[in-house]
Structures are given as C-alpha cells and as structure tokens.
Amino acid sequence: MRYLFLDASSPLAFGQAGDESHHQPFTWSTQMNLAARLTGMIDEMQAALATWEKIATQGEGGGARRLDACPVALPPAAPPGEGLVGPAGGGTLGEVGLAGGEAGPAGGEAGPAGDGTENVVCPSSVLQRDRDTPSGPGFRLGAGDRLGVCTGPGSLTGLRVALSFFRALALVRELPLIGLDLFTWGARTLETRGVRGPVRLLAPAFLGQAFLVDLELPLRTGCLAIPDRLESGKTGTDAADSPRVSDPSGSGRSPPSAPALGPRSGAPDGRPTFGLRFAAEGVARLDPEPAVLHDLMLRAPAPAGWEALLRVAPLYVVPSQAELKWAQTHDHPGH
Amino acid sequence: MITLGIESSCDDTSVALVEDGRRLRASLISSQIEVHRRFGGVVPEVAARKHYEAILPVLHEALAAAGLGLGDLGQIACTVGPGLLGPLLVGMSTAKGLALALDLPFIPVHHLEAHLGAAFLAREQEPAYPYVGLIVSGGHATLVLATGARQFTTLGRTADDAPGELLDKIARHLDLGYPGGPVIQKKGAGGDPARYPLPRPLAGRGYGFSFSGLKTAVLHLVRAEGDRLVLPDLCASLQAAVRDTLCGKLEAALAETGVARAVVAGGVAANAVLRAGLEALAARRGFELLVPPIALCTDNAAMVAAQGFHTAALTGLDPLRANACADWAMGDPFPVL
C-alpha cells in the first residue's frame, strides 16, 4: 500500500508520501500559487514512491535489506555492521542499493561487490537524483493505494484547492480518500507521547484568534476526525450529513467539543493547551508528527466509493463573514 | 473527441460535454441564485463553498445525461479566469485532478473568450473571423475585435459598473429582487421607454463604457418622482438606455473596423430589449449578428468545452501549471505561478 497526503491549511503546504516501509515529508511555500504547483507536488511525492520501489527491487536483487525510515542526511561512514554501511576507506558512497534497518548488514554482510560498498544508499541522494531526472508526468497510484488530505481548519482557499484536486484523483482512480483534520492529527500525536486526559488544541485563525477544540485523550480507536460545527443550511452543508466521526468515549468522559473560534491562550479550566504549529502564553507548541500521519494513513478506516468521497469536505468552523453580518442584521435589525 | 468543460467563475457550477467542439452532448448548471439572493449579490466565499459541494454531483449528472463515462473523455477544459478567485480555484483544481488522473490534456479557458465562442457553438459551427465582439454581463462590458483564435484587440471596456451590475443595483434599490436583469425586464414589459429621458453614457465618445452615471441618474429620478414613479416606465426607460448605449458602441466599432460580423454574448445578452435592438441594428446596417440562445448567454460549461476544443493547440507548455486569475486579459497567455 502506498499513499500521498497533502495539507494545504497554511501557506506552508505539507505533503507526505509513504508506503508500508517508508514515509517522506515534504514542505512547499505556496503563497498564492498552490493551485499552479499541485501537479509538481504530486510529481515530487511520487518520485519518492518510485525510488523506494526501485530500491526495493534492486535491493532484493543485490542482497540488500530495506531501511525502515529514510534519514534526511547520511551519517558519517561507519564500519560494516555499525549503522549504515559506508564505503571502505571512507570513499564515495555507493549509488545503488540499501543497507538494512537501523544497523548495517550484520557481520559486514556485503553486496555483490563484497566490499560493503554496493548496497549502501543515501535515500535523500537517490531522491534528489530522481528529481533531477523525473520519471515523467502522470499519476501512478492505483488499486490498493490511498490518498489523504487535510480538512482543516485553516486557509479555506488552500483547503478547497487541495480537497478538490485530491477528490478528483480519488474519483478517477477509485481510491479511498482520507479526510484528516489537524485536531485529530494533533491529538494522535499527543497520544503517542503518552498524554492522557482532557486537553485543548488550538489551530491558528485570522486576526490573532484560534480555532479550538476540547478533547479527552485517548480518542476512540479509528476516530479520524473531530466533530465540527457546520453552519447547517447556510451553505448547504448539513451537519447531519457530516462525514466527521463523532468520538463518544462510551466511558462517561466528556465528548469532544465542537470546534469554535476563541483566543490564542490557555484553557480557562486549566487543562493542558497545545497550539498546532504555534506557541503562545499558556500554549505549548505541538507539531503534528509525520510518523503519526504515516500510521493513520496506513491503518485508519478508509471507505472508498462515491458517497464516501462526497463526505470529505473542508472543516468550516465559522460561517463566512457575509453570513455572519447578514445574521447580525436580521437578528438585530436596528444594529 | 469529447471535451469536458468546467465553469465555476462566479455563482454557477456547470459541467458540460461537447463533441468535436460543436455538438453539445450534455450541459448541466447548478445555480446559486437562491443562496445569494439574501445578500443582493454574489458573495465569493459562499460561492466557493457551494461550488465545492456541487461540482462532483454536477459532473456525475452531466456524464449520466450524456451517456458517457470518464474513460470517454478526450480532454478537460476549465475556466481559469477572469472571475472570482475562490470559485475559480475549486473548478480548476477539480479539472486538474481529473486531467492528471486520466492522463488527458488540461486546457485553461478564458471566460470571456468562451462567452463569445458560445455564439458559434449555438450554430454548431467553427468560429469565424474577424468579428466585433461585445460581452455584457454582471461583471463585464467589453468591446473587442477578434481576428483569430485567442487573438483579440480590446476596443473598450467599462470604467466602472458593468450593465448587469447596474441592473442588480437598481433592482436592489427598488427592492425588486435579485438578479436584477430578469426582474427589470419583467417589470418593464409594456412600459413606456420614452417616459423618463435617461442619459446614454459616453455616447459618441470612443468605445469605453461607464454605467455608474446612469445608475446615479436613475436613483435621482426615483427620489425625485417619489410616489409618482411609474415602475414599468422606469424599467423600460432604463433598458432602452442600456440598449442604446451598447448598440451605439457596437455600431461605431463595426463602422470603423469595416468588419461585417458581430457577436454579442454574456448574461445581459439574454435581455429581450437588447436582443431586439441588436436585431434591428443588424437589419439596418446589414451585418451578420450572432447572439447565443439565452441558455448559452449566462455562464455555462458548454461554451468552455467548445472554446477549449478550439484553443487546445494554443495552450503552450504544461497547462497544468496554469493558475487561476481574477483579471486575466483576453488573448494573453494563461496565467502561471
């Protein structure tokens, strides 16, 4: 199983490609040109997938084993059997092949050349090489693969661009499309760090405010999204039809609050408060982790099909400004 | 070849399938008029949300109506400008995703150029050049000389309000409803177009338009007349002023360029008073007049698909790098990064 994920909730877009054994995060600064760069992003992420496939194939042929994770930079050359295998004598790294796991081939297990050089690889260098010689345009995921996209909260335009694009990809290739909100991703990250009990998560919003949600960890198994508060009937999206999975604990704990707009400050009830990709007074910074995303993308329930696709939608925490003004005027005509 | 067209530049989500650029296989439009009525105009963020909700169901229905599947498509054409950026991005991103996944060409289409092309689609014929084109809608009043595919010289455009915008604003001021064009046409039926002598802005002064002065004149008239105002006569007089202004500019452009063909398109071209005026002008001056049927005057994806078919060879390198652009000029290369 392979997957591609895109989070365009902020101008610094985040992407991730992965398969059963690897994952690779990407970031792009996409001020005003996200929509123009979408296919380039897909190409970059697919290059990672292609590289892993190539490595796996050549590794099997060359007696190499696979890395469980891709280091960003290759550590210094080490003797066979200690970490990544380096070239004998500290020379140039071999270009093709892959050393095994956290440690190199046991006992100096070597590739075809028998000197420990042939199976050494720096995944980042291979990725770079493949980017320099792209394998051609197109979209190569197929049966058994998955797509994922961040549903927010965040930049509504960015979210809609990413969602629209990925929905179309999923529609054509009949792939499951996982809609993952930042709150759930953040909550799952906290869980892996052993955080339990009530927490508040904040995501940056306009004018120095924050989108916030109160949760109790751990979330229910399989939960992929925090229930949201959609403006029922105002833009045609009815909360009753929301794809977002509620998270009743079933154990007497309070269910998650609906996301709302609030201040960028600590929760008044004293519960630990975390800011998604930002920190503030009383708010600890929390960066949702690629490894958590990787696990979710591989193991989360991922219904496919037309109906499921239509349910993947941006997380609109508040109505549009025009709707708010209209409501104010009509609720208080003299206002 | 089947071209899939997608249009989402304003408040209509539309998907159409056109064969060989001329034969309309299906065209569906999901209108947001009811959603925006309470605001008295289109709200871009609300429009973008509705486009996102509607676009895949409309695509599904259009394919079903045409009896086609995604595998039957030959290329994907989509409006990328000008228009409202948020709504444009929904359509364009969807279109790009379809093109990439289906491994089909993506063709960025200019909304106004597509409006003009609708006149030829209606006749199931190839676009013919040269012609003088007049695009009149809620966002545009533009007069161009077209000499070839994607070859335009802009003769004039509005300096302020577009005629559709003028009608919307006056209808809102008179509490007649939204959109203004159809309701003013309805209210003006049987009215006396000569009762209220409204100005013909910039008459005889080049090809530029300006409708804000006309709007002000109407508002002053309404205030001055008070209870004496005869609404049907006002609506008829207003439409006559718009008709005379547009027909006058078109007539002058045809005379100066020596071109004997005119294309008038856009939502305001659906107005019956304007259409009658154009036909009378064409009969008097002896030029060929092409005005799309009303269904193809307002925003629709059929015109986008047809335009995409006729301009596919002109897109240049890697159209998937195209960006949406609120003010893309006619004839210019598609906007990129």
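It should be emphasised that the depicted structure is a prediction, and the values quoted were computed from it without experimental measurement. (Residues numbered from 1 in each chain as written. Chains lettered and ligands numbered in written order. Predicted model: local features only at pLDDT ≥ 70, side-chain atom pairs only at ≥ 80, totals over all residues.)

A. Representation of the sheet that holds strand β7 (residues 141-148) of chain B. Residue and element names in this part refer to chain B. Here five strands make up an open sheet; going across it, the order is β8-β7-β6-β9-β10 and the pairing mixed. Of all strands in the sheet, those bounded by a partner on one side alone are β8 (151-157) and β10 (288-290). Each strand of the sheet is rotated relative to its neighbour by a mean of 20°, with strand direction disregarded. As judged from the three bridges shared by strand β9 (residues 261-265) and β10, these two strands associate in the parallel manner. By the bridge assignment, A262 is partnered in β10 with L289. Helix-sheet contacts for helix α4 (residues 111-122) involve β6 (131-136), β7, β9 and β10, and the interaxial angle to β9 is about 115°. (Pairing = 2+ DSSP bridges. Helix = DSSP H or I, 4+ residues; strand = E, 2+ residues; numbered from the N terminus. Axes fitted to C-alpha atoms, helices over the stretch in contact; angles between N-to-C directions. Contact = placed C-beta atoms within 7 Å.)

B. Examining the interface of chain A and chain B more closely. Contacts between chain A and chain B engage 31 residues on the former and 32 residues on the latter. Of all the elements in the fold, those that place two or more residues in the side of chain A that touches chain B are α1 (34-62), α3 (156-173), α6 (306-310) and α7 (321-331) of chain A. A per-element tally of the side of chain A that touches chain B places α3(A) first, with 13 residues. The residue makeup of the side of chain A that touches chain B, split by class, is 18 nonpolar, nine polar and four charged. (Nonpolar A, V, L, I, M, F, W, Y, C, P; charged D, E, K, R; others polar.)

C. View of the packing of helix α2 (residues 44-66) of chain B against helix α3 (residues 85-102) of chain B. All names here are of chain B. The interhelical angle for the contact between α2 and α3, taken along N-to-C directions, is 20°, at an axis separation of 7 Å. The angle between the axes of α2 and α3 places the two elements in the roughly parallel class. Every pair of crossing elements has a handedness; the one defined by α2 and α3 is right-handed. Only G86, P87, V90, G91 and T94 of α3 make contact with α2, whose side of the interface consists of P44, E45, A47, A48, H51, Y52 and I55. When its residues are assigned to classes, the contact of α2 with α3 shows seven nonpolar, four polar and one charged. (Parallel < 35°, antiparallel > 145°, perpendicular 65-115°, else oblique. Left-handed = near helix turned anticlockwise from the far one by under 90°.)

D. Molecular detail of the domain arrangement of chain B. Residues and elements named next belong to chain B. Annotation of chain B at the domain level lists domain 1 (2-119 + 298-321) and domain 2 (126-295). Relative to domain 2, the C-alpha centre of domain 1 lies at a distance of 26 Å. Counting only elements with at least two residues in the side of domain 1 that touches domain 2, the list comes to α1 (33-37), α4 and α11 (301-311). Taken together, the residues of the side of domain 1 that touches domain 2 break down into six nonpolar, seven polar and two charged. (Domains from an automatic or database assignment.)

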